[in-house]
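What the coordinates show
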Amino acid sequence: MGEVIVVTSGKGGVGKTTTTANLGTGLATAGQKVVLVDTDIGLRNLDVVMGLENRIVYDIVDVTSGNCRLRQALIKDKRFENLYLLPAAQTKDKTAVSPEQMKVLSEELRNDFDYAIIDCPAGIEQGFKNAVAGADRAVVVTTPEMSAVRDADRIIGLLEASELSNPRLIINRIRPLMVKHGDMMDMADILDILAIELLGVVPEDESIIVSTNKGEPAVLDRGSKAGEAYRRITRRIRGEQVALMNLDIPDGLMSKFKKLLGLH
Amino acid sequence: MTRMEHIALKGTRDGLILYFDPGVEFSVVLEELTRYLRESTEFLRGASVRCFAGEKGYADEELRALTTLLGEYEVELAGWLKPEEVYAGSVVLNPKESPPWQEEGMAEGPCLFVDRTLRSGHSVQYEGHVVVLGDVNPGAEIVAGGNIVVLGTLRGVAHAGATGDRGASVSAGHLRPTQLRIADRVARAPDEEVEAVGPEIARIKNGQLFVERLTGTMWRSSLR
Ligand SMILES: Nc1ncnc2c1ncn2[C@@H]1O[C@H](COP(=O)(O)OP(=O)(O)OP(=O)(O)O)[C@@H](O)[C@H]1O
Ligand SMILES: [Mg+2]
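Note that the structure is a prediction, hence the values are computed from the model and not measured. Here the residue numbering is sequential within each chain, running from 1 through the sequence in written order. Labels follow written order: the first chain is A, the first ligand is 1, and so on. Local features in this predicted model are restricted to residues whose pLDDT is 70 or higher, and side-chain atom pairs enter the listing and the counts only when it is 80 or higher, whereas totals over whole chains, interfaces and linings include all residues. Think of the side-chain values as coming from all heavy atoms in the structure, minus any hydrogens and water.

Details of the overall build of chain A
For clarity, the cut-off: Secondary structure elements follow DSSP: runs of H or I no shorter than four residues count as helices, runs of E no shorter than two count as strands, and numbering proceeds from the N terminus. Our radius of gyration is a C-alpha quantity, and the globule rule it is checked against amounts to 2.2 Å times the number of residues to the power 0.38. For every residue, the accessible area obtained with a 1.4 Å probe (protein chains only) is divided by the maximum for its type, and the residue is called buried under 20%, exposed over 50%, and partly exposed between those limits. Contact definition: two residues touch when any of their heavy atoms are within 4.5 Å. All accessible-area figures derive from a Shrake-Rupley calculation using a 1.4 Å probe, and residue coverage is judged against the displayed protein chains alone.
Across its full length, chain A carries 12 helices and eight strands. On C-alpha atoms alone, chain A measures out to a radius of gyration of 17 Å, which is about the 18 Å that the 2.2 N^0.38 rule sets for 264 residues. Across its three principal directions, the C-alpha atoms of chain A cover 55 × 40 × 30 Å. For chain A, buried positions account for 56% of its 264 residues. Taking contacts inside chain A between residues at least 6 apart in sequence as the whole, the part at least 24 apart equals 74%. A total accessible area of about 11,200 Å² is found for chain A, and carbon and sulfur atoms account for 46% of it.

Below, the structure written as structure tokens:
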């Protein structure tokens, strides 16, 4: 029986799609059978990030509305046999899918896969409700900015109110130099405010943009720092204790991160 | 509800007790009681109460006036209590009043316990006091008629004494509100970062919102 993990954030553009692609690909490299589900209906782009755009025939709305069977809509990844994508519909809107339909779909995915990673749209409306409806676990992505943290906090509150308690946090786009100069929102503050378990810290990295454009997730790039962070996040999702990568940030903060990762 | 300043009604295991402020003339007590009875006829009809006025004694005609007044509302005066009798596990029916056991630096009233952290987007509104057993994050707010106590860190918006009580206070383990209000007074967070100092309390003093550290000494002095 597999697990359905939703990747969410509240604020847009903080790295949900990037996280979904890298975490899913990371799990596939580890031999897991994985499906990535794009629920950002109307603004789909997980297919682009995965480099699979030109293979789309059916989409999630076709599946939930019974236009086609799940198997027909799943797109097999070009690198991994055991990695699939269920793309979002581009020409419909978020009300084309209901939370009940997502629950049914999630159940089906749970039976067929080890992991289903759901890419959630920004916001707290219908799209969010759909994305979390069938999930077993949640990952909350934020960047070190007050507005993103505020929205992440809102999302955590909503997750707690639904049955998805204990979400885990990814802080994305950390810039070590700005941390050193104290120009970024204090990371310790973020952790204090959100007060949830840390899943990982991903540095700002140009290779993410390059890899996005190439349709080749950074987690596959041995030379990418962000990719390294996602490799570690992947192992943590699977329950491993993994040391924090060297982020080139002050020692005090490193030890705070380590503590929140349950490392000593 | 009528504002009662010199009388209080309390329900105890042994029945209802009416407290009269021993510091004021009987006429004041009688007038307030008349108003109270007029507004809560149904509640008290057929009840039997005992009265307490501390060490104060009333003249015979005053006592007769009291019995007559109660009688008009079908309330029976069942007797007078002695000072040593007025204690024990009881519920105050009119929380606005200060019963005799209440000393300087004590307050009571209905209270809402919030057993978790209030995250962004949450709003808690309550007539009485609010106690949060967690944090109040930025983007969350509490509006309370009474006091606000946050055991963790208060980073959101807090409005105590929202219905006008300038005696209300806001206290927190870490007081870092985005905005703090007491009655009609507003204070903003300072624009620069402040060092953590531990528990603090905000209240109005001489018409101004003041924040001070909650120290052991302070409690001792106010509870003495
Ligand atoms: N660690 C990083 N370093 C550099 N760029 C990044 C990083 N993470 C994400 N980005 C870039 O930020 C942009 C937004 O990322 P992404 O699409 O993953 O966010 P999102 O949360 O899915 O956005 P939306 O809410 O619009 O769906 C992309 O251009 C991506 O390449
Ligand atoms: Mg996205």
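Comments concerning the overall build of chain B
Looking only at helices and strands, chain B has four helices and 16 strands in total. Here chain B holds 224 residues, and the buried ones make up 41% of them. Within chain B, counting contacts between residues at least 6 apart in sequence, those at least 24 apart form 38% of the total. Entry remark: accessible area of chain B is about 12,400 Å², with carbon and sulfur atoms responsible for 50%.

Quick word on the packing of aromatic side chains
The test is simple: Only Phe, Tyr and Trp rings are paired, with Trp represented by its six-membered ring, and only when their centres lie within 6.5 Å; those with planes under 30 degrees apart are stacked, over 60 edge-to-face, the remainder tilted. Whether a charge sits over a ring depends on NZ of Lys or CZ of Arg being within 6 Å of the ring centre and within 35 degrees of the ring normal.
Scanning the model with the defined rule gives six aromatic pairs over all chains in all. Ring centres of Phe20 of chain B and Tyr58 of chain B lie 6.4 Å apart, and the angle between their planes is 65°; on these two criteria the pair is classed as edge-to-face. With Phe20 of chain B in strand β2 (residues 15-20) and Tyr58 of chain B in the loop between β3 (48-52) and α3 (60-72), this pair connects stretches of sequence that are 38 residues apart. A single burial state applies to Phe20 of chain B and to Tyr58 of chain B, both of which are buried. One residue, Lys33 of chain A, lies across the ring of Phe113 of chain A, its end atom 4.9 Å from the ring centre.

Digging into helix α1 (residues 26-39) of chain B
Residue and element names in this part refer to chain B. Put simply, the test is: In a helix, the anticipated span is given by 1.5 Å times the number of residues less one. In this description, the arc belongs to the directions extending from the helix axis to the C-beta atoms.
Here α1 contains 14 residues, and its C-alpha end-to-end distance of 20 Å stays within 8% of the 20 Å for a straight helix at 1.5 Å per residue. Phe26, Val29, Glu32, Leu33, Tyr36 and Leu37 are the residues of α1 that are buried. The buried residues of α1 occupy an angular sector of 135° when the element is viewed end-on, so they sit on one face. Exposed and oriented more than 90 degrees from the buried face of α1 are Glu31, Arg38 and Glu39.

Quick word on the site of ligand 1
All names here are of chain A. Selection criterion: Residues are classed as near a molecule or strand on a simple rule: at least one heavy atom within 4 Å of it. Polar contact is defined as a pair of N or O atoms within 3.5 Å, subject to the rule that within protein one atom must be able to donate a hydrogen and the other to accept it, and that residues adjacent in sequence are counted only when both atoms are side-chain atoms. Residue type decides the class: Asp, Glu, Lys and Arg count as charged, Ala, Val, Leu, Ile, Met, Phe, Trp, Tyr, Cys and Pro as nonpolar, and the leftover types, Gly among them, as polar.
The local shell around ligand 1 holds 18 residues, among which Gly13, Lys16, Thr17, Thr18 and Asn172 are the closest. Contacts to ligand 1 include Gly15, whose backbone N or O atom sits 3.0 Å from an oxygen atom. Measuring from an oxygen atom of ligand 1, one finds a side-chain N or O atom of Thr17 at 2.7 Å. Put simply, the parts of the chain that give the shell around ligand 1 at least two residues each are α1 (16-29), β7 (168-174), β8 (197-203) and α10 (206-214). Classifying every residue of the shell around ligand 1 gives six nonpolar, seven polar and five charged.

Some words on the sheet that holds strand β6 (residues 137-142) of chain A
All names here are of chain A. Threshold: At least two DSSP bridges between two strands are needed for those strands to be called paired.
Judged by pairing direction, the sheet is mixed, and its eight strands sit side by side in the order β3-β4-β2-β5-β1-β6-β7-β8 without closing on themselves. In this open sheet, the two edge strands, each paired with only one partner strand, are β3 (75-76) and β8. In this sheet, β7 lies alongside β6 in parallel orientation, the contact comprising four bridges. Within the sheet, the bridge partner assigned to Val141 lies in β7 and is Ile170.

With respect to the nonpolar core
Residues and elements named next belong to chain A. Here is the rule we go by: Side-chain atoms within 4.5 Å link the members of a nonpolar core, which is a set of buried Ala, Val, Leu, Ile, Met, Phe, Trp, Tyr and Cys residues.
The biggest cluster of nonpolar side chains holds 90 residues, and the ones touching the most others in it are Val6, Leu86, Ile117, Ile171 and Phe257. With six residues, helix α7 (residues 146-161) is the single largest residue contributor to this core. Leave out the neighbours within four places in its chain, and Phe257 touches Ile171, Ile174, Met187, Leu191, Leu198, Val201, Leu244, Leu247 and Ile249.

A short note on the pairing of β3 of chain B
Residue and element names in this part refer to chain B. Selection criterion: When the strands point away from the viewer, a crossover counts as right-handed if the path from the first strand over the helix to the second runs clockwise.
Relative to β3, β2 runs parallel, the two being bridged by four bridges. Residue pairing in the sheet places Leu18 in a bridge with Cys51 of β3. In this sheet, strand β4 (residues 76-80) lies alongside β3 in parallel orientation, the contact comprising four bridges. Paired with Ser48 across the strands is Glu76, a residue of β4. Where the polypeptide runs from β3 across α3 and back to β4, its parallel neighbour, the crossover connection is right-handed.

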